[in-house]
Each structure stands twice: as structure tokens, then as C-alpha cells.
Protein chains: 2
Amino acid sequence: MAHKNIRDALSSFEQFEDKEWEKVAPLIEIKTFDKGEFYIQPGQYCQDIAFIEEGLFNYYYMIEGVKHIRQFFFYNNFMSNYPSFLSFQKSKSYIQALEDSRITTISRNNLHKLYNSSMVWQSLGRKMAERMYLTISEKHDSFLLDSPEDRFLKLYSERPKVLMNVPQHMIASFIGVTPEALSRIKKRLFNK
Amino acid sequence: MAHKNIRDALSSFEQFEDKEWEKVAPLIEIKTFDKGEFYIQPGQYCQDIAFIEEGLFNYYYMIEGVKHIRQFFFYNNFMSNYPSFLSFQKSKSYIQALEDSRITTISRNNLHKLYNSSMVWQSLGRKMAERMYLTISEKHDSFLLDSPEDRFLKLYSERPKVLMNVPQHMIASFIGVTPEALSRIKKRLFNK
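Everything numeric here is computed off the predicted structure, so don't read it as measured data.

Trainee: Hey, could you run me through the overall build of chain A in this one?
Mentor: Looking only at helices and strands, chain A features nine helices and eight strands. The C-alpha atoms of chain A give 18 Å as radius of gyration, which agrees with the globular expectation for 192 residues (16 Å, within 12%). Reported as C-alpha extents along the three principal axes, the dimensions of chain A are approximately 55 × 35 × 30 Å. Sorting the 192 residues of chain A into buried and exposed places 51% on the buried side. For chain A, the exposed surface amounts to about 9700 Å²; the carbon and sulfur share of it is 51%. Distance from the positive charge centre (26 side chains) to the negative charge centre (23 side chains) of chain A: 4 Å.

Trainee: Before we go on, may I ask you to explain the interface of chain B and chain A in this structure?
Mentor: Interfaces are often sized by the amount of accessible area the parts lose when they come together. Contacts between chain B and chain A engage 31 residues on the former and 31 residues on the latter. Area buried by chain B at its contact with chain A is led by M119, R126 and Y133 of chain B, which between them contribute 22% of it. The interface formed by chain B and chain A includes two salt bridges. Among the ionic pairs, R70 of chain B bridges to D141 of chain A, the shortest N-O distance being 2.9 Å. Counting across the chain B and chain A interface gives ten residue pairs in polar contact (both at pLDDT 80 or more). Looking at the side of chain B that touches chain A, the element that brings in the most residues is helix 5 (residues 119–145) of chain B, giving 17 residues. Here the residues of the side of chain B that touches chain A are counted per class, giving 14 nonpolar, eleven polar and six charged.

Trainee: How do you make sense of the packing of helix 6 (residues 148–158) of chain A against helix 8 (residues 168–175) of chain A when you look at a structure like this?
Mentor: Two numbers describe a pair of packed helices, the interaxial angle and the distance between the axes. Residues and elements named next belong to chain A. Where helix 6 contacts helix 8, the axes come no closer than 10 Å and their chain directions differ by 120°. In terms of axis orientation, helix 6 runs oblique to helix 8. Both helix 6 and helix 8 take part in a crossing whose hand is right-handed. Residues P148, R151, F152 and L155 of helix 6 lie in contact with helix 8, whose contacting residues are I171, F174 and I175. Residues belonging to the contact of helix 6 with helix 8 are distributed by class as follows: six nonpolar, no polar and one charged.

Trainee: Looking at this structure, I do not really get the sheet that holds strand 5 (residues 66–74) of chain B. What am I missing?
Mentor: In any sheet, the strands associate via hydrogen bonds between backbone groups, in a parallel or an antiparallel arrangement. Residues and elements named next belong to chain B. Taken in spatial order, the four strands line up as 2-7-4-5 in an open sheet, and their pairing is antiparallel. Looking along the sheet, the strands with just one partner apiece sit at the ends: strand 2 (38–40) and strand 5. On average, each strand axis in the sheet is inclined to that of its neighbour by 30°, with strand direction left out of account. Helix-sheet contacts for helix 8 (residues 168–175) involve strand 4 (56–63) and strand 5, and the interaxial angle to strand 5 is about 100°.

Trainee: Sorry, what's going on with the pattern of salt bridges here?
Mentor: All names here are of chain A. Inspection of every chain in the model, using the stated rule, returns 24 salt bridges over all chains. In this structure, K154 and D146 form a salt bridge, with 2.8 Å as the shortest nitrogen-oxygen distance. Residue K154 is classed as partly exposed on the basis of its relative accessible area of 31%. You can call D146 buried: its relative accessible area is 19%. Residue R188 pairs with E149 through a salt bridge whose shortest N-O separation is 2.9 Å. Separated by 39 residues along the polypeptide, R188 in helix 9 (residues 179–190) and E149 in helix 6 bring together distant segments of the chain.

Trainee: Is there a simple way to explain the relation of the copies chain B and chain A in this structure?
Mentor: Taken together, a rotation about one axis and a shift along it account for how the two chain copies relate. For the pair chain B and chain A, the best superposition has an RMSD of 0.0 Å and corresponds to a rotation of 180° with a translation of 0.0 Å parallel to the axis. Classification of the inter-copy transformation places it as that of a two-fold axis. By C-alpha distance to the rotation axis, the residue of chain B lying nearest is R126 of chain B, at 1.9 Å. Most of the interface of chain B is mirrored in chain A, where 100% of its interface residues again form contacts.

Trainee: Got a minute to help me understand the pairing of strand 7 (residues 94–97) of chain B in this structure?
Mentor: Across a regular strand the side chains alternate sides, sitting on one face of the sheet and then on the other. All names here are of chain B. Neither face of strand 7 is open: one carries Y94 and Q96, the other I95 and A97, and all of them are buried. Relative to strand 7, strand 2 runs antiparallel, the two being bridged by two bridges. Within strand 7, the residue paired with I40 across the bridge is I95. Sheet analysis places strand 4 next to strand 7, joined by four bridges and oriented antiparallel.

Trainee: What's the story with the confidence of the model for chain A in this structure? I'm lost.
Mentor: Detailed reading of predicted coordinates is not advised where the pLDDT is low. Looking at chain A, the pLDDT average stands at 91 and 98% of residues meet or exceed 70. The least confident element of chain A is helix 7 (residues 160–165) of chain A, whose mean pLDDT is 83; the most confident is strand 2 (residues 38–40) of chain A, at 98.

Trainee: What should I look at first to understand helix 9 (residues 179–190) of chain B in this one?
Mentor: Residues spaced three or four apart along an α-helix point in a common direction, a consequence of the helix completing one turn every 3.6 residues. Residue and element names in this part refer to chain B. In this model, helix 9 (twelve residues) spans 16 Å end to end at C-alpha, consistent with the 16 Å of a helix rising 1.5 Å per residue. Of all the residues in helix 9, the buried ones are A181, L182 and I185. Angular distribution of buried residues about the axis of helix 9 spans 100°; they occupy a single face of the element. Turned more than 90 degrees from where helix 9 packs its buried face, R184 and K187 sit exposed. Packing partners of the buried residues in helix 9 comprise helix 6 (148–158) and helix 8.

Rules of the game
- Positions within a chain are numbered from 1, following the residues in the order the chain's sequence is written.
- All chains are assigned letters beginning with A, and all ligands numbers beginning with 1, in the order in which they are written.
- Local features in this predicted model are restricted to residues of pLDDT 70 or higher, and side-chain atom pairs are both shown and tallied only at a pLDDT of 80 or more, whereas totals for entire chains, interfaces and linings draw on every residue.
- Here the side-chain values reflect all heavy atoms present in the structure, with hydrogen atoms and water set aside.
- Under the scheme used here, helices are H or I runs from DSSP no shorter than 4 residues and strands are E runs no shorter than 2 residues, and both carry numbers assigned from the N terminus.
- The atom set for the radius of gyration is the C-alpha atoms, and the globule formula is 2.2 Å times the number of residues raised to the power 0.38.
- Relative accessibility under 20% of the residue-type maximum defines a buried residue, over 50% an exposed one, and the middle range a partly exposed one, all with a 1.4 Å probe and only protein chains included.
- For the accessible areas, the method is Shrake-Rupley and the probe is 1.4 Å, while residue cover comes only from the protein chains on display.
- A positive count includes Lys and Arg, and a negative count includes Asp and Glu. His and the chain ends are not counted in either.
- Here the site of a charge means NZ on Lys, CZ on Arg, CG on Asp, or CD on Glu.
- A contact between two residues is defined here by any heavy atoms of the two lying within 4.5 Å.
- Accessible area that two parts lose when put together, with a 1.4 Å probe and added across both, is what the buried area reports.
- Salt bridge, as used here, is a side-chain nitrogen of Lys or Arg placed within 4 Å of a carboxyl oxygen of Asp or Glu.
- Contacts described as polar in this section are N or O atom pairs within 3.5 Å, which, within protein, must combine one atom able to donate a hydrogen with one able to accept it, while residues neighboring in sequence count only if both atoms come from side chains.
- For this scheme, ten residues count as nonpolar: Ala, Val, Leu, Ile, Met, Phe, Trp, Tyr, Cys and Pro. Four count as charged, namely Asp, Glu, Lys and Arg, and the remainder, Gly too, count as polar.
- Axes here mean lines fitted to C-alpha atoms, for a helix over just the part in contact, with angles spanning 0 to 180 degrees between N-to-C directions.
- Reported orientations rely on four angle classes, namely roughly parallel under 35 degrees, roughly antiparallel over 145, roughly perpendicular from 65 to 115, and oblique for the rest.
- Crossings are classed by handedness, with left-handed meaning an anticlockwise turn of the near helix from the far one by less than a right angle and right-handed meaning a clockwise turn.
- A pair of strands is treated as paired once DSSP finds two or more bridges between them.
- Copy-to-copy alignment: least squares on C-alpha atoms, limited to residues at pLDDT 70 or above in both.
- A residue's pLDDT is simply how confident the predictor is in it, with values from 0 to 100.
- In a helix, the anticipated span is given by 1.5 Å times the number of residues less one.
- The arc in question is traced by the directions running from the helix axis to the C-beta atoms.

Dropping the structure here:
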């Protein structure tokens, strides 16, 4: 079946019938990125939502020469500069391929065509927005409520793929510590 | 017209006809809170979304005895512990009335009845989730990208009501500085 992965991912939000799924194929597009290429950079407008078929991206800010990682996007997951996409404002961040990658995209216009075509797509759009809200809200809370060690352990239990695929300095940035502090945390946890 | 304020607020997301609006009245409930009373506390489950008819609330965490303010909720705005509401998990935070207040609430079940009753409610639910996402995402970005002075100026231009209605130590907590640092910021900006 064409686009099986994206259909499976969407089915985690909402069950839909073949006739709903058939609307999708004419509205989507495949794009490829070489390692190091940018999906979006500051000042650009994000006009689409992507699904990663293959590869890995990271979503980061540069602040006074320091990279602050907001999120990693893995294969079989959706990706967007969602703040820019929703607000029609310029991106403040980078999304960059960390490996050679292949994505399926849908433009804002085409996504809105789907939303307006039936209840099931409207409901799916709502559930995706709610899931995105929970992700960023949990990250916000985690920076307030958890120690760096707690944040590392959360990543370790919930997103083991991140730890296996991403260089240590990026993991340090994601949990908000220096690479040296991350080394100390790992030593405390694993070399007892 | 009954519930004019809430209808006006919902109309900013989506236009809907009288026949859609008539579904709402049997599904909502009025509640009152005395100053100091809690809408939700840590460990409780948030089961509804509220609209503030009158009054003011703040949404905060207590971390090692220190209050960290995430958000203020003013009259004519929606209010919820949205992370708890969406995830069916216990609240990690407090929402407390800062004045005597009156709210209209809708339970999760009744809200889902509305969503499932027509496209217009599904679409409205999506747009509300998107707006909530943008609010928390902007706060997240602002803590990374802006100086405390920038955050104060943003509040000053976008949410002047906060500055007029809320004690200074709460404003300091909201922008992430000590009350003394907030005094210095205001002195620099206004007493030149």
C-alpha cells in the first residue's frame, strides 16, 4: 500500500475509511533532504506540515552563538515549524536534517481542503493540535519542575531513540545542560 | 441575550448560526469562586473548560516553596488546566481566583458532544487547540530568546490588563525575575 506509514500514523489519532484516505494522495508531495540541509530557517514562513518517511531532523534556536535544541523529529513522526505554520509569522528557528532524509508534505491550503471535506479530518486536525500542545507544554513544565537528571531519565525512558541516534552535545542542549554536566549525570546514574 | 460574552468569544474562532448556538445552553453550568478559592490543585483531574464571566485567576506551580506563574486568566477569556484536561492526567499546578469570580463551564463529555454534532464545532475545537498551542509556544520561546526586559515590554504592549490588575511580585514571577529585578527594569524603562 502506498503511504502506509503515514496512514498508520494518522490512524493513531482517528480511524478513517478508505474513501477518506483516497482524498490524501493527490494533495501530498515527496521531498528529500541531504544531511545538513534545512527544512526551514529563521525569517522563512512555514507553509506545510511534513511526515518523515526516513531520516532525522532537529528543531533549534541559535542564541548568541549557542544552539538550543527544542525538539528532535524522527521517522514515522510529523514535523513542522508549527508556530510559524499556525500564526503565518516568520520562523525564529532552524529545522535541519541530521541524516539524509525523505519526507511527505502537505501544504496549508491542501490541509485545509481536507479539514473542510469531512468531520473525520476536522477531528483529526483538532487531535493533532492537542497532541502538539501537550508536547510543548510538557517540555515547558519539565524545565520548571524537573532537575536535569529527571529530564535525562524521562528522555531515557520515553525516547530511547533520541539517545541512540543523536550526538551527546545535542542531548545536553535538549535537556538544558552543558555536555560536561551531562557526562556527570550519566556517570552518577550508570557507573555506580 | 443570554451568554452573550461567551458567544462573542467563540465567534472569534468560528462563525456559527443560531441553531448551532442553541445546542450550548443545556450543556453549560455557572460556578462562582471567592477570592483565594482554587479552580484546581495538584493531584486533581481537570474535567472541564471554563469561560470567565467576571474575575481573574492565575495558573501557577509551587517549586520548593516558590510560586512560578505560568499564566493569568482574565474575564472574557477561556480557562482550563488544559494539559490535565487533554491528557486525563493529574494536575501539577494550581489555578486560583485572585478576585471574586464567576465562570461558565462545560464538561469534557458535553464538549465532545458538541464536537461530534457538527463540522463547525469540530473546527472550533481545532482552532482553540491551535491558539492554546501558540500561547504556550510563545511563552517557551520568549524564555529562550528574550531578555527579562523584552518580556516585560511584551506584556506591557500585549497584555496591559495584567499590569493594571496584578500585584508586582506576580508580574515578576510571570516574567521570571525577582521583584527587585522587576523594579530595576521599570526604573530603567520609565524613569529616564
